[in-house]
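Per-entry structural report
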Amino acid sequence: MLELHKVDINDIKKRINELRASIAENNRRYYVESAPVISDYEFDMLMNELAALEKAHPELVTPDSPTQKVGSDLRREFDQYPHRYPMLSLGNTYDMSEVEAFADRAVRSLGTSFTFCCELKFDGTAICLTYRDGKLFRALTRGDGTVGDDVTENVRHISNIPQELHGTGFPAEFEIRGEIYMPYKAFDRLNEERLRDEDQPFANPRNAASGSLKLINPREVSHRGLECTLYHVLGENLPFATHEEALEAAAGWGLPVSDKRRICRDISGIEEYINYWDTARKALPFATDGIVIKVNELAYQKELGYTAKFPRWAVAYKFKAEQALTRLLSIDYQVGRTGAVTPVANLEPVLLSGTTVKRASLHNSDQMQALDIRIGDYVYVEKGGEIIPKITGVELSRRGPDTEIPVFPEKCPDCGTPLVRDEGEARFFCPNTDGCPTQIKGKLVHFISRKAMNVIAGDATIDQLFNLGYVKTPADLYSLTREQLLSLEGWKDRSAARFLDSLDASRKTEFGHVLFALGIRYVGETTAKSLAHHFKDIDTLMAADRETLLSVEDIGEVIADSILEYFSKPAHREEVERLKKAGLRFSEDQGPETISSALEGLTFVITGNFSISRDEIKKMISGNGGKNSSSVSGRTSYLLAGEKPGPEKIRKAGSLGIEIIGEDRFREMISEKGGQAGNIDGNPSDDNAVQLSLF
Ligand code: IVH
C-alpha cells in the first residue's frame, strides 16, 4: 500500500513538473514571441489540470508555479518600470455554472444589494496608461504583472489613444488600463503583406497586436491599425462610487471606452448578456474572447479584494474558439515565390468570427492525409492558434458517396517541373527557381514590395512586364525605357514617369532592404538586416563560409545553407553585379550610429530640456557610440540633465551614486575623445557631417 502511494505521488510530481514546463514554454511563445502553438482553450486546460493537482496536493504548490503568477511579456529591448498597482489577470471559466458560483459568492460575502457591470472581453494585449496633468505620460505593458515594458512612444502612434485629455475635472494623475487590439481588417491586410513578403504571418489578431505594440521602430506602429479600448480606472482618492461612473467620466475626457457594457442586477441579467454577445460578437469588427463580469461598486470591489493572481470582484466567461462547418469544393496548389507548393482549400463561403471564409490553408500533403480529407466533404474551419483560417477536421458522418480523394501533384502546377521534398521539410518545392514563371513573377513582386525596394507598382504591372518579355530578373527593371512602359496597357506619360521616378528613388534603399529584396529563401526582413549589419557589404557576405555565417546572431544552419546555396549559383552572382551597376546600395553606410566611438560603452539617461531637442541629443549619444536608456538603473553611466530635470530621475541617480552631468560637460566629453559634439543632422560643419549628408 505504502509503496503504491509513493508511486502515485511521484507520478503526480512528475505530471506537475511536466505541466509547469509546458505552461512556461507556451507562456513564452504567447507573450514574448507573440506566436503561440496551442489554442487558448488547450492552454486553459493545462492550467486547469495543474490547478486541480495542486489543490489536491497543496504541499506541492511552489511560489513560482504558473498558478501563482501571471505570464511575462518582458523584452530586453524596452525599459522597464514598476506598476503602481499590480497588473493581474482574471479568473476565467468556460462554464456558466462557475459564473453563477462567482455571483453567489459575491452575494454571500457582501450580504447587501449591489450590481454587476458586464463587458466584452477584448482579445488583445493589456496596456496601462498613466495620464499626468491631462497628458499621456507613460504606457506600460503588463510585463510580469509587477514590472512592465515602457511602450509609451509606440502607444503615441495608436490613433484612438489621446495624447491630451478633453475637458476638465480629471484627476492630476491617474491610470487607466485596457486592451490594445488589431481589428480584423487591419489584421487581414497585415498578414497578406507578410505572406507576400514571405514573413511568418501572425497566428491571430491578438498576437499581431502584441507583436506590433513591441515594434522597435515606433513609427512602424502607425501603419498597423491598432486600436484601444479602456476598461479600468485606477488612482488615489478617485471621486467615483462605481466602475460605471469612472468609465463614463473617462469617456467624457475623450478616452476610448466601450459602449457595449451593461449593468445587471442578478445572474439572469448576466446570462442574458452572455447569450446575446455569444452570437452578436460575430458581427463585431474586432476579436472578443468572452465576457467580463465585474462588481460595479468600488467600495465592494475593495471589500472583496484580490487573491495573488486575480481580483475576487471580477471573473471572465470565455467563449470557445469559433468553428464553422462548410463544404470543401476543391483544392488549389499554389506556388510561392520560393517554390513552396501550398494546398489551399476552396470552401462554400461561410461566416466565421466576423468575416466570410472562402479559402483555408491545408498546410501540406501530410496534413491532408492526417485529416483524410476528400473533395466534397463537410469540414470544420477555425481561426485558432495557427495561420488563419485552417481546416481542423472532417465531419465523417456527412461524407457522401461521391467524395473524391485529392491527389497532391507530382509536378509543378505552373511549369511542370517534378516537385521535390527535402529531408525534414513538410512542403514540396518546385526546384526550377529561376525558370518557373510563378516563381519569377513572385520574386519580382517581392523585390518591389514596400519593405524591400518600395517601388510603386502592383502585381499587374509585373505581370505585364514579364509577359511582354521586358523583365525577367530584378536588374531588368532598372534598364526599362519610357517607351517600353508606354507600350503597357493603359499607361500614359504620367504613370511611366512615376514608375521611373520610384525606381530611381529605390536606388537609395538601404543595404539591409536590398538584401531582403533579393528573396533568398529563409532570409526575412530581420535576418537581412542583421546580415547587412554584420557583414557590412555584399562581397564580404558572398565570401563568407558556413562557419562564419553560423557565427552571426540568429543565423542557424537552415538559413546559412540557404545563403550558401543562393550565392553558389553564377546567375545569382551575376544578378548582384548587374544590380550593383544599376546603382543599388550593396554596403552599409556609416550611419549616425558609427560616426565616432567617443561614448562607446557608456549608457546615458537624459532628463529636462537642452539647447537642442531631446531627439537630437539622443542622436548625438548614439551617433558617438553611446547607448540611450529612459530609466536610471545600475547600468546607467551618466544622467545627462538639462533645464527642469525630472526630480525622480535626479533622486534615483543620487541614490545609486550615478554622476549627473550637464549639456556643456557632455559636449566636452565627446570633443575630448575626438567625437562629434555638434548637431548630427544639422548643417555640415566638419568632415564627419559632410560624410553623413552624402547619404
Ligand atoms: S478587467 C484586475 N475588463 O483579459 C483585472 N479585462 O484574461 C482587471 N481583458 O488581464 C481586468 N477585456 O488584459 C478587464 N473588459 C475587460 C477586459 C479585460 C479584456 C483582458 C485583460 C485581462 C485579461 C484576463
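Please read these numbers as outputs of a predicted model, since none were measured by experiment.

**Points about the site of the ligand**
Taken together, 15 residues lie around the ligand, and Glu119, Leu120, Glu179, Tyr231 and Lys294 are the ones closest in. Glutamate 119 is positioned such that a nitrogen or oxygen atom in its side chain is 2.8 Å from a nitrogen atom of the ligand. The side chain of arginine 142 places a nitrogen or oxygen atom 3.0 Å from an oxygen atom of the ligand. Among the elements of the structure, strand E3 (116–122), strand E8 (227–234) and strand E10 (288–295) are those that each provide at least two residues to the shell around the ligand. No other element matches E3, which puts four residues into the shell around the ligand. For the shell around the ligand, the residue count by class is eight nonpolar, two polar and five charged.

**Thoughts on the environment of asparagine 432**
Mapped onto the fold, asparagine 432 is located in the loop between strand E17 (428–429) and helix H12 (437–448). Look at asparagine 432 and you get partly exposed, because its relative accessible area is 26%. Residues within four places of asparagine 432 in sequence aside, it is in contact with Cys415, Thr417 and Gln439.

**What about empty space enclosed by the protein?**
The method is simple in principle: a probe with the dimensions of a water molecule rolls over the atoms, and the space it marks as empty is what remains. Summed over all chains, the structure comprises two cavities of 30 Å³ or more. In this structure, the second largest cavity occupies an estimated 40 Å³ of space. Among the elements of the structure, E3 and E8 are those that each provide at least two residues to the lining of the second largest cavity. No other element matches E8, which puts three residues into the lining of the second largest cavity. Among the residues forming the lining of the second largest cavity, the class breakdown is five nonpolar, two polar and two charged.

**Brief notes about the state of the cysteines**
Going through the model one piece at a time under the given rule, you end up with zero disulfides. Cysteine cysteine 264 is unpaired, with the sulfur of cysteine 118 as its nearest cysteine sulfur at 3.7 Å. Since its relative accessible area comes to 6%, cysteine 264 is described here as buried. As a non-bridged cysteine, cysteine 436 has cysteine 415 as the owner of its nearest cysteine sulfur, 3.8 Å distant.

**Some remarks on the sheet that holds strand E9 (residues 262–264)**
Taking strand neighbours across the sheet as the criterion, the five strands line up as E2-E11-E10-E3-E9 in an open arrangement whose pairing is mixed. At either margin of the open sheet sits one strand with a lone partner, and together these are strand E2 (92–93) and E9. Relative to strand E11 (residues 314–318), E2 runs parallel, the two sharing two bridges. Opposite threonine 93, over in E11, you have tyrosine 317 as the bridge partner.

**Observations concerning the pattern of salt bridges**
Pairing is possible between side chains of opposite charge, provided their charged atoms come close. Taken as a whole and assessed by the stated rule, the structure comprises 40 salt bridges. Residues arginine 84 and glutamate 173 are paired through a salt bridge, measuring 3.6 Å at the closest nitrogen-oxygen approach. In this pair, arginine 84 sits in the loop between strand E1 (80–82) and E2 while glutamate 173 sits in strand E7 (residues 173–181), placing the two residues 89 residues apart along the sequence. On the accessibility criterion, glutamate 173 (26% relative accessible area) is partly exposed.

**What about the packing of H12 against helix H13 (residues 459–467)?**
Following both chains from N to C, one finds H12 and H13 inclined at 130°, their axes separated by 10 Å at the closest point. One way to sum up the angle between H12 and H13 is to call them oblique. As for the relative orientation of H12 and H13, their crossing is right-handed in sense. Taken together, the residues of H13 that come into contact with H12 (itself represented by Pro437, Ile440, Lys441, Leu444, Val445 and Ile448) are Asp459, Ile462, Asp463, Phe466 and Asn467. Residues belonging to the contact of H12 with H13 are distributed by class as follows: seven nonpolar, one polar and three charged.

**A short note on the confidence of the model for the protein chain**
Atomic detail in the predicted coordinates should be set aside for any region of low pLDDT. Confidence in the prediction of the protein chain, expressed as mean pLDDT, is 87, and 93% of residues score 70 or more. Below pLDDT 50 for its whole length, residues 1–5 participates in zero contacts with residues either more than four positions away or in separate chains. Here residues 681–695 scores under 50 on pLDDT; set against residues more than four positions off or in separate chains, the count is 17 contacts.

**A look at the pairing of E3**
Within E3, seven of the seven residues are buried, which leaves the element mostly enclosed by the surrounding structure. In this structure, E3 lies alongside E9, joined through three bridges in antiparallel fashion. Following the sheet pairing, cysteine 118 is matched in E9 by arginine 262. Summarising the sheet, E3 and E10 pair through seven bridges and their orientation is antiparallel. The partner of leucine 120 across the bridge, within E10, is isoleucine 291.

**Quick look at the sheet that holds strand E21 (residues 659–661)**
Working definition: the strands of a sheet are paired by backbone hydrogen bonds and lie parallel or antiparallel to each other. The four strands are arranged E19-E18-E20-E21 in an open sheet whose pairing can be described as parallel. Both outer strands of the open sheet, strand E19 (627–628) and E21, are each paired with one neighbouring strand and no more. Looking at chain direction, strand E18 (residues 603–607) and E19 are connected through two bridges and run parallel. Considered in E19, the bridge of phenylalanine 604 is made with asparagine 628. Sitting on the sheet, helix H25 (residues 663–672) touches E18, strand E20 (638–641) and E21, and the angle it makes with E20 is about 125°.

**Let's talk about the pairing of E7**
For E7, the tally of buried residues reaches eight of nine residues, placing the bulk of the element in the interior. Bridge analysis of strand E4 (residues 125–132) against E7 gives eight bridges, and the strand direction is antiparallel. Bridge pairing in E7 links threonine 125 to isoleucine 180. The sheet contact formed by E7 and E8 spans seven bridges and is antiparallel. Note on E8: the bridge partner recorded for glutamate 175 is leucine 234.

Cut-off values and rules
- Residues numbered from 1 in each chain as written.
- Predicted model: local features only at pLDDT ≥ 70, side-chain atom pairs only at ≥ 80, totals over all residues.
- Heavy atoms only, no water.
- Near = heavy atom within 4 Å.
- Polar contact = N/O pair within 3.5 Å; in protein donor to acceptor, adjacent residues only side chain to side chain.
- Helix = DSSP H or I, 4+ residues; strand = E, 2+ residues; numbered from the N terminus.
- Nonpolar A, V, L, I, M, F, W, Y, C, P; charged D, E, K, R; others polar.
- Buried < 20%, exposed > 50% of the residue type's maximum accessible area, 1.4 Å probe, protein only.
- Contact = heavy atoms within 4.5 Å.
- 1 Å grid on protein atoms, 1.4 Å probe; cavity = no way out; pocket = protein on both sides within 12 Å on 5 of 7 lines; lining within 4 Å.
- Points joined across faces, edges and corners; volume = space filled by probe spheres on them.
- Disulfide = S-S within 2.5 Å.
- Pairing = 2+ DSSP bridges.
- Salt bridge = Lys/Arg side-chain N within 4 Å of Asp/Glu carboxyl O.
- Axes fitted to C-alpha atoms, helices over the stretch in contact; angles between N-to-C directions.
- Parallel < 35°, antiparallel > 145°, perpendicular 65-115°, else oblique.
- Left-handed = near helix turned anticlockwise from the far one by under 90°.
- pLDDT = per-residue confidence, 0-100.

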